[in-house]
Structures are given as structure tokens and as C-alpha cells.
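Notes for the structure review
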Amino acid sequence: MKAIVLTRYGSPDNLQFAEVETPVPKDGEVLVRVEAASVNDWDWCLVRGKPFYIRLFCGLFKPKVRIPGVDIAGRVVAIGRGTGEFQIGDSVYGDLSECGFGGFAEYVCAPVTALALKPENMTWTEAASIPHAAMLALQGLRELGKLQPGQKLLINGAGGGVGTLGLQIARAIGVAEVTGVDSSSKAEMMRRIGFDQTIDYREDDFTDLGDCYDLILDPKTDRSVFRYLRALNPKGSYVTVGGLTGRLLQIFSLSSLVRRITGKQVRILALKPNQGLDYINELFEAGKLKPVIDGPFELADAVDALKRFGAGKHIGKVVVTVNSGDG
Ligand SMILES: NC(=O)c1ccc[n+]([C@@H]2O[C@H](COP(=O)([O-])OP(=O)(O)OC[C@H]3O[C@@H](n4cnc5c(N)ncnc54)[C@H](OP(=O)(O)O)[C@@H]3O)[C@@H](O)[C@H]2O)c1
């Protein structure tokens with residue numbers, strides 16, 4: 001099969017479009033013919049070998065994970081033993097971040113626990129764009145952030161995967177007002193999909209503007225925790241999904257003290273991959289969720305897709321079509 005193979009850490013230029021052996025499903029796994037995959041921050045981290053902790057999971061000196069691609073959508077073409085209700089021909093999608101990546105290839109083996117059935121009316125590109133970012137957004141908003149109808153929400157880094165899917169999940173929950181922070185090149189799209197206000201982070205620091213929110217969801221934490229606290233309403237919550245390691249450590253170490261002294265919450269999300277895809281299927285089928293797709297790129301051009309993501313030029317989710325795809 002054809003695949004995008006990582007030969008060494010460093011840059012997307014170390015990726016090769018190569019012929020490799022098609023994997024064989026073990027017990028509990030299915031073989032998926034990949035129709036589309038999407039680019040996530042963890043693919044970008046894997047390719048660069050940075051931040052360093054990614055190497056603890058993917059190989060210390062050389063990448064043991066050879067094929068990037070966290071999110072996939074495709075069709076089951078072979079099954080191992082003990083795969084329950086999954087059958088050959090099923091259309092599935094899921095996040096493989098805890099089971100070896102591998103989506104930038106014509107075929108990938110995945111445990112059935114990492115897959116959900118894809119709604120009929122969801123295209124392959126839409127399905128591939130959803131699992132990783134939508135679960136970060138859903139778990140950040142609903143489980144950690146306890147977002148309630150009528151609340152005021154700010155999403156920082158709002159023009160990428162978590163932000164564009166998170167806005168739609170928040171609307172479904174019944175949020176009153178959503179502000180999105182990102183670069184101005186993404187503002188038009190952000191307004192179009194339903195953000196009430198947009199802030200260009202290169203012009204304004206939202207923690208300086210005097211507005212306060214019930215919940216802040218942040219995939220790009222880069223400030224001191226004290227700056228976020230002043231942009232929260234009394235009893236408000238700040239939920240980080242990711243960002244600079246030093247800033248995350250500060251939040252981790254101060255969260256219980258902050259809660260006791262201020263009554264506000266500052267919390268770090270630990271993603272539980274694929275937990276909540278059934279809810280996303282419901283939103284999609286009800287017409288309440290439509291991913292914003294950047295691309296799609298062809299598999300042979302996956303290096304360009306990764307570079308676009310790494311440069312922060314993407315709008316929504318960067319998708320790579322693999323076999324037939326669907327545009
Ligand atoms: N908690 C967990 O268990 C877990 C698991 C996996 C991944 N993650 C993390 O989850 C996050 C995924 O986010 P995502 O998929 O939404 O990323 P994304 O698609 O790259 O979106 C991030 C957006 O933020 C913008 N941005 C960059 N710097 C910014 C700043 N200083 N202020 C405001 N916006 C800024 C980017 O645009 P420009 O660059 O154009 O400005 C981009 O539009 C990553 O941080 C990842 O490491 C967490």
C-alpha cells in the first residue's frame with residue numbers, strides 16, 4: 001500500500017511517499033481502507049519530535065510511529081477475531097492517537113474501541129475532520145467546563161479544529177454569546193459559522209479588554225494563569241486543551257489554590273479519545289454540526305498539508321483524501 005512514512009524526526013521534509021506492507025488486523029482490530037484523514041497537532045509534534053515528551057510515546061531517538069495520521073474515516077475491509085458488531089463494509093471513523101496513528105496510508109489497522117459508525121450523510125472528509133478536535137472541544141466544554149445554556153463563552157485559538165467544532169457544540173448546548181480569538185485572516189469564517197464577536201490576538205490581548213466570561217476554552221495557552229483569571233466572571237472556569245508546557249505546569253500546580261482563594265476554576269483537559277462521538281453523530285444528523293474543511297489535499301501531497309497546518313495558515317481542519325475520497 002502507499003503511505004506517508006516518517007524516516008526521522010525534524011521536519012515534514014523527512015516524510016516519504018512510499019510503498020509499505022499492508023497491515024493485518026490482530027484480535028480486536030479491523031483493517032480500514034482509509035478514505036480520508038485529517039491533520040492534528042499531534043501529527044505535527046510527531047513529525048518534528050517536539051515537544052520532547054511526544055518521544056516518550058513515539059520513540060526516543062527515532063520515530064517508532066512511522067506513519068502519521070491521528071484521525072481517519074474509511075471502510076472496514078477485514079476483521080480480526082473479537083470485533084463484536086463491526087462488519088466488513090461498515091463505514092467508520094475515529095481517533096487513533098492512542099493506538100499508533102497511521103492514517104496517512106491506504107489502509108490502517110484499528111482496535112474497534114477506537115472507531116464509531118459514520119452517519120450515512122456525513123462525507124468522508126467531514127468524518128475525518130471530527131474525532132480528535134471534536135472530542136477535545138466536547139470534553140473541554142461539557143465535562144470540564146460544565147457549559148450551561150445562557151452562558152458567555154470565549155474560545156481562544158478559535159479558527160482551528162477545536163474552535164470551529166467547539167463553537168457549534170456550544171451553540172447546541174445553548175450558550176448565549178461566543179467570542180472567538182484568532183488571527184484576522186480567520187475572522188470572516190468565524191463570523192460566518194456563528195461567533196458573535198471576533199478578536200485578533202495579534203492586535204488585542206483579550207485578557208486586557210475588560211470583558212469577562214463564564215467559560216474560556218483554550219487550545220493555545222500561552223499566558224500566566226493570573227491573566228486568564230481576570231477575564232473570568234465570579235465562579236467562571238478556564239479550561240486549557242493545550243499550549244506551552246510551562247504555562248500548563250503552572251495551571252496544574254495552582255488549580256486547587258486558585259479554586260480555594262478565588263472560587264474560579266482553572267483546569268487542564270486530558271483527552272479521552274472517541275468518548276462522545278455518539279453525541280457528535282446526533283448533532284450532525286440533526287444538522288447542528290458542519291465541519292470547516294481546509295483542502296482536501298491528496299495523500300501524495302500530505303507533506304504540504306502538514307506544512308500548512310504547521311504554519312498556522314489552515315482554516316478549520318486540514319483534510320487529506322486517501323483512496324477515493326469525496327471532495
Ligand atoms: N489535552 C489533551 O489531552 C490533548 C490531546 C491532544 C492534543 N491536544 C492539544 O489540543 C490543541 C489542538 O487544538 P486545535 O486542533 O484547535 O489546533 P489548531 O487547529 O492548530 O487551531 C489553533 C488555532 O489557534 C491559532 N493561534 C495560534 N496562536 C494563537 C494565539 N497565541 N492566540 C490565539 N490563537 C492562536 C491558530 O492560528 P494562527 O497560527 O494562524 O494564528 C489556529 O487557528 C493543541 O494545543 C494540542 O496540543 C491536547
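A quick note: this is a predicted structure, and the numbers were derived from the prediction, not measured.

A look at the environment of Ala114
Summarising the element assignment, Ala114 is placed in the loop between strand S6 (107-111) and strand S7 (116-117). Since its relative accessible area comes to 4%, Ala114 is described here as buried. A sequence separation of 160 residues divides Ala114 from Asn274, and the C-alpha atoms of the two residues are 6.3 Å apart. Setting aside chain neighbours within four positions, we find Ala114 in contact with Tyr93, Gly94, Asp95, Leu96, Cys99 and Asn274.

Focus: the site of the ligand
Lining the immediate surroundings of the ligand are 27 residues, of which Asp41, Asp182, Tyr201, Leu269 and Gly312 lie closest. Note that an oxygen atom of the ligand is positioned 2.8 Å from one of the side-chain N or O atoms of Lys186. Here the ligand, which alone exposes 950 Å², has 87% of that area covered by the protein. When its residues are assigned to classes, the shell around the ligand shows 10 nonpolar, 11 polar and six charged. When residues are assigned to domains, the shell around the ligand turns out to be shared by domain 1 (2-130 + 291-321) and domain 2 (135-268), each giving three or more.

Brief notes about the environment of Ile67
For Ile67, the position within the fold is in the loop between helix H2 (54-58) and strand S4 (71-79). Once the C-alpha coordinates of Ile67 and Ile4 are considered, the two residues, 63 residues apart in sequence, prove to be 5.9 Å apart. When residues no more than four places from it in sequence are discounted, the contact partners of Ile67 are Met1, Ala3, Ile4, Val20, Gly100, Phe101, Gly102, Phe104 and Ala105.

Structural notes on the side chain of Glu35
Summarising the element assignment, Glu35 is placed in strand S3 (residues 29-38). Accessibility expressed as a relative area gives 2% for Glu35, which makes it buried. Looking at Glu35, its side chain comes within polar contact range of the side chain of Arg33, at 2.6 Å.

Let's talk about the sheet that holds strand S11 (residues 213-218)
By way of backbone hydrogen bonds, the strands of a sheet pair with one another, either parallel or antiparallel. As summarised here, the arrangement of the six strands in space is S10-S9-S8-S11-S12-S13, forming an open sheet in which the pairing is parallel. On the outer flanks of this sheet lie strand S10 (197-200) and strand S13 (265-268), each paired with one strand and no other. Sheet twist, expressed as the average angle between the axes of neighbouring strands with direction ignored, equals 15 degrees. One ladder, built from five bridges, connects S11 with strand S12 (residues 232-240); its direction is parallel. When the bridges of S12 are listed, Asp218 appears paired with Thr240. Against the sheet, helix H8 (residues 245-262) contacts S12 and S13, and its axis sits at roughly 145 degrees relative to S13.

Overview of the domain arrangement of the chain
One widely used convention gives an interface's size as the accessible area the parts lose upon coming together. Domain annotation for the chain reports domain 1 (2-130 + 291-321) and domain 2 (135-268). On a C-alpha basis, the centres of domain 1 and domain 2 stand 28 Å from each other. Listed per partner, the contact involves 10 residues of domain 1 and 11 residues of domain 2. Here domain 1 and domain 2 share an interface that buries about 800 Å² over both sides, 62% of which is from carbon and sulfur atoms. At the boundary of domain 1 and domain 2, one finds zero salt bridges. One can count three residue pairs in polar contact (both at pLDDT 80 or more) joining domain 1 with domain 2.

Quick word on the state of the cysteines
All told, the structure shown has zero disulfides when counted by the stated rule. Distance from the sulfur of Cys45, which forms no disulfide, to the nearest cysteine sulfur (Cys58) is 9.1 Å. For Cys45, a relative accessible area of 6% translates into the label buried. Here Cys109 stays free of any disulfide, with the sulfur of Cys99 as its closest cysteine sulfur at 11 Å. When its relative accessible area of 12% is taken as the criterion, Cys109 is described as buried.

Let's talk about a nonpolar patch on the surface
Taken together, Phe52, Tyr53, Leu56, Phe57, Leu60 and Phe61 make up a surface patch of nonpolar side chains, about 760 Å² in accessible area. For Phe52, the position within the fold is in the loop between helix H1 (41-48) and H2. Exposure remark for Phe52: the relative accessible area of 52% places this residue in the exposed category.

Side note on the packing of helix H4 (residues 131-144) against helix H9 (residues 277-285)
At their nearest, the axes of H4 and H9 sit 10 Å apart, and the two run at 100 degrees to each other. When the axis of H4 is compared with that of H9, the two are roughly perpendicular. In this structure, H4 uses Pro131, Ala134, Met135, Leu138 and Arg142 to contact H9, whose residues at the interface are Leu277, Tyr279 and Ile280. By residue class, the composition of the contact of H4 with H9 is seven nonpolar, no polar and one charged.

What to know about unusual backbone geometry
A cis geometry characterises the amide bond from Lys50 onward to Pro51, with omega recorded as -5 degrees. The residue after Gly295, namely Pro296, is reached through a cis peptide bond having omega 5 degrees. With respect to the helices and strands, the residue Pro296 is situated in strand S14 (residues 293-298). In the Ramachandran plot, Asn274 falls in the positive-phi region, its phi being about 70 degrees despite a non-glycine side chain. By the element assignment, Asn274 lies in the loop between S13 and H9. Residue class for Asn274 comes out buried when judged on its relative accessible area of 12%.

What counts as what
- Residues numbered from 1 in each chain as written.
- Predicted model: local features only at pLDDT ≥ 70, side-chain atom pairs only at ≥ 80, totals over all residues.
- Heavy atoms only, no water.
- Helix = DSSP H or I, 4+ residues; strand = E, 2+ residues; numbered from the N terminus.
- Buried < 20%, exposed > 50% of the residue type's maximum accessible area, 1.4 Å probe, protein only.
- Contact = heavy atoms within 4.5 Å.
- Near = heavy atom within 4 Å.
- Polar contact = N/O pair within 3.5 Å; in protein donor to acceptor, adjacent residues only side chain to side chain.
- Areas by Shrake-Rupley, 256 points an atom, 1.4 Å probe, with all protein chains shown as cover.
- Nonpolar A, V, L, I, M, F, W, Y, C, P; charged D, E, K, R; others polar.
- Domains from an automatic or database assignment.
- Pairing = 2+ DSSP bridges.
- Axes fitted to C-alpha atoms, helices over the stretch in contact; angles between N-to-C directions.
- Buried area = accessible area lost by both parts, 1.4 Å probe.
- Salt bridge = Lys/Arg side-chain N within 4 Å of Asp/Glu carboxyl O.
- Disulfide = S-S within 2.5 Å.
- Patch = residues over 30% accessible without salt bridge, like charges linked within 9 Å, V, L, I, M, F, W, Y side chains within 5 Å.
- Parallel < 35°, antiparallel > 145°, perpendicular 65-115°, else oblique.

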